[in-house]
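Coordinate analysis (summary)
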2 protein chains.
Amino acid sequence: MNILIVFAHPEPRSLNGALRDRMVATLTAAGHDVLVSDLYAQGWKATLDGADFPAEPEGARLQLTDASHRAFASGAQTPDVAEEQRRLLWAHAVILQFPLWWFSMPAILKGWVERVFAHGFAYGVGEHSDRRWGDRYGEGVFAGKRAMLVLTAGGWVEHYAERGINGPMDDLLFPIQHGILFYPGFSVLEPFVVYRAERMNEERFRAITTDLDRRLERLFVEEPIPYRRQNHGDYEIPSMRLKEGLGAGKQGLRLHRA
Amino acid sequence: MNILIVFAHPEPRSLNGALRDRMVATLTAAGHDVLVSDLYAQGWKATLDGADFPAEPEGARLQLTDASHRAFASGAQTPDVAEEQRRLLWAHAVILQFPLWWFSMPAILKGWVERVFAHGFAYGVGEHSDRRWGDRYGEGVFAGKRAMLVLTAGGWVEHYAERGINGPMDDLLFPIQHGILFYPGFSVLEPFVVYRAERMNEERFRAITTDLDRRLERLFVEEPIPYRRQNHGDYEIPSMRLKEGLGAGKQGLRLHRA
């Protein structure tokens, strides 16, 4: 199968770099084709701005959604964006790998999402009517593909537990896993998280890479996170509220797991 | 009082630009001193990388936390970062203003946080012992200052409600409000959110700016979000779990509001 790793760490000699190399080796040895988009090494432009839309008339007011739509539809995107879209379409699974900085992905990776997930490609697609509200949350361009986060965090696992002060990792990652990955159709696997990343030694590294290998072995068979699909009866349309009686006893973000 | 607006939209003629101008006018008319860090206009470097640490030996492995600590401690930061830190220290209140892109802040603003919130400045400060776990979550460099998000979202308010498909706005913003703002000591006010930002007209704009003016009038008197402070008895140390019996009936991120 085809696997795209989007890698967002500035130092190849880091723990993240070592985990990336390990993933490439493990996946390749298993017979997969692997591509790495190494955002720092590629000098990825992190900022979404007017330069992303070279065909827009100069001096015109920049309306991002419209400009993105026109650029995607007419093939007027910048070559770096078009190449990442081709890689995403080629991939059967996508791994976003990054250090958790300030409880989210690094800016360079967020900018990859903002620029590559164009209007008409990853959002703003499908029928909008009384029955459907676009192809999103379980449908969309990436339907049938799998996605997984592989990340490192400086803090302890306890600090990210259900009652931990940072908030549960699943809730902190919801904007990424549900809002960025599930939204355009990916089946999202549970994340692979390395805690206390700055306290690494040989023994821990061996244990972690063994666990990671096991996760990668099951990349195409593991059950994805059971996020509720938008257009399959769980939500009122167009208010997009979860229907009465569903999610009993749950609060907040966990309502959206079936 | 001194107010810093950190503005992250590429188009000054946008709704965000109009709201920014309105805030500057309203706050100035009320006698405040206002500075705007206009990240796009300043050409803000969004990506945290080795170039941020010019005093590090060339070719050395980049360890970001250590490099950030040394650069901050020795005055070897880049001038753009040092200037933003000065502005933050000058301010009595900080407003982060941005369009919500993919359920979080734009990359350029995330990169502002990553570069400006240095180790020894906004994190990695204070005593770490059996009694305290650093000055964070309610303590830290920004203690006594206020912060507020002002943001626009394309979706409907219902989609961000308690049972809305996107997830409750408060939960989506938790990594920013709790993890980026409360962590280094800010008192965080409820956000000001404009929904359906792409369906604007004169009448809605008048109503929105009237509401915004009211919020700004109360910038220094409004009750902040009652996030629980780390070192004041609510959490076990060092596991940082919320103590048994607190937060009864609550789940997930809302456990951390008193």
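Refer to the preceding data block for the structure.
Residues numbered from 1 in each chain as written. Chains lettered and ligands numbered in written order. Predicted model: local features only at pLDDT ≥ 70, side-chain atom pairs only at ≥ 80, totals over all residues.

Bringing the pairing of strand E1 (residues 2-7) of chain B into the picture now. Residues and elements named next belong to chain B. Counting buried positions along E1 yields five of six residues, so the element is predominantly enclosed. Pairing of E1 with strand E2 (residues 33-38), which is carried by six bridges, proceeds in the parallel orientation. Paired with valine 6 across the strands is serine 37, a residue of E2. (Buried ≥ 20, exposed ≤ 12 C-beta atoms within 10 Å, placed from the backbone. Helix = DSSP H or I, 4+ residues; strand = E, 2+ residues; numbered from the N terminus. Pairing = 2+ DSSP bridges.)

What follows deals with the packing of helix H1 (residues 15-29) of chain B against helix H7 (residues 202-217) of chain B. Residues and elements named next belong to chain B. For the pair H1 and H7, the least separation of the axes is 10 Å and the interaxial angle reads 45°. What the angle tells us is that H1 and H7 run oblique. Crossing handedness for the pair H1 and H7: right-handed. Taken together, the residues of H7 that come into contact with H1 (itself represented by Leu19, Arg22, Met23, Thr26 and Leu27) are Thr209, Leu212, Asp213 and Leu216. Split into classes, the residues belonging to the contact of H1 with H7 amount to five nonpolar, two polar and two charged. (Axes fitted to C-alpha atoms, helices over the stretch in contact; angles between N-to-C directions. Parallel < 35°, antiparallel > 145°, perpendicular 65-115°, else oblique. Left-handed = near helix turned anticlockwise from the far one by under 90°. Contact = placed C-beta atoms within 7 Å. Nonpolar A, V, L, I, M, F, W, Y, C, P; charged D, E, K, R; others polar.)

The subject of this paragraph is helix H1 (residues 15-29) of chain A. Because the α-helix completes a turn every 3.6 residues, residues three or four places apart line up on one side. Residue and element names in this part refer to chain A. Counted at 1.5 Å a residue, the expected span for H1 with its 15 residues is 21 Å, and the 21 Å between its end C-alpha atoms agrees. Residues of H1 that are buried include every one of Asn16, Leu19, Arg20, Met23 and Leu27, and no others. Seen from one end, H1 has its buried residues packed into an arc of 105°, which puts them on one side. Exposed side chains of H1 directed beyond 90 degrees from the buried face belong to Thr28 and Ala29. A positive phi of about 95° marks glycine 31, the residue just after H1. (Expected span 1.5 Å × (residues − 1). Arc of directions from axis to C-beta.)

Here we come to the environment of tryptophan 101 of chain B. Of note, tryptophan 101 of chain B is situated in the loop between strand E3 (93-99) and helix H4 (107-116). With 53 residues separating them along the chain, tryptophan 101 of chain B and glycine 154 of chain B place their C-alpha atoms 8.9 Å apart. The contacts of tryptophan 101 of chain B, once residues within four sequence positions are left out, are Glu114 of chain A together with Pro106 of chain B.

Turning to the interface of chain B and chain A, a few remarks are in order. Opposite the 55 residues of chain B that make contact, chain A presents 54 residues. Put simply, the parts of the chain that give the side of chain B that touches chain A at least two residues each are H4, helix H5 (169-172) and helix H6 (174-182) of chain B. If you tally residues by element for the side of chain B that touches chain A, the top one is H4 of chain B, at six residues. Of the residues assigned to the side of chain B that touches chain A, the class counts are 26 nonpolar, 16 polar and 13 charged.

In this section: the relation of the copies chain B and chain A. Two copies of a chain can be linked by a rotation about an axis combined with a shift along that same axis. Once chain B has been moved 0.0 Å along the axis and rotated by 180°, it coincides with chain A to within an RMSD of 0.0 Å. Both copies are brought into coincidence by an operation consistent with a two-fold rotation axis. Considering only C-alpha atoms, the part of chain B nearest the rotation axis is alanine 107 of chain B, at 2.3 Å. Take the interface residues of chain B: 98% of them recur as interface residues in chain A, which is what a same-surface contact looks like. (Least-squares fit on C-alpha atoms with pLDDT ≥ 70 in both.)

Once that is clear, we can look at the pairing of strand E4 (residues 146-152) of chain A. On a regular strand, each side chain points to the face opposite its neighbour's, so the side chains alternate between the two faces of the sheet. All names here are of chain A. Where burial is concerned, most of E4 is hidden: seven out of the seven residues are buried. The two faces of E4 match: Arg146, Met148, Val150 and Thr152 on one face and Ala147, Leu149 and Leu151 on the other face are all buried. Direction of pairing for strand E3 (residues 93-99) relative to E4: parallel, over a ladder of seven bridges. Counterpart to valine 94 in the pairing with E4 is alanine 147. Handedness of the E3-helix H4 (residues 107-116)-E4 crossover: right-handed. The pairing of E4 with strand E5 (residues 187-188) spans two bridges and is parallel. Counted as the bridge partner of arginine 146 is serine 187 from E5. Relative to strand E6 (residues 192-194), E4 runs parallel, the two sharing three bridges. In the strand pairing of E6, threonine 152 is matched with valine 194. (Right-handed = clockwise from strand over helix to strand, strands pointing away.)

In short, shape yes, function no, at least from these values alone.
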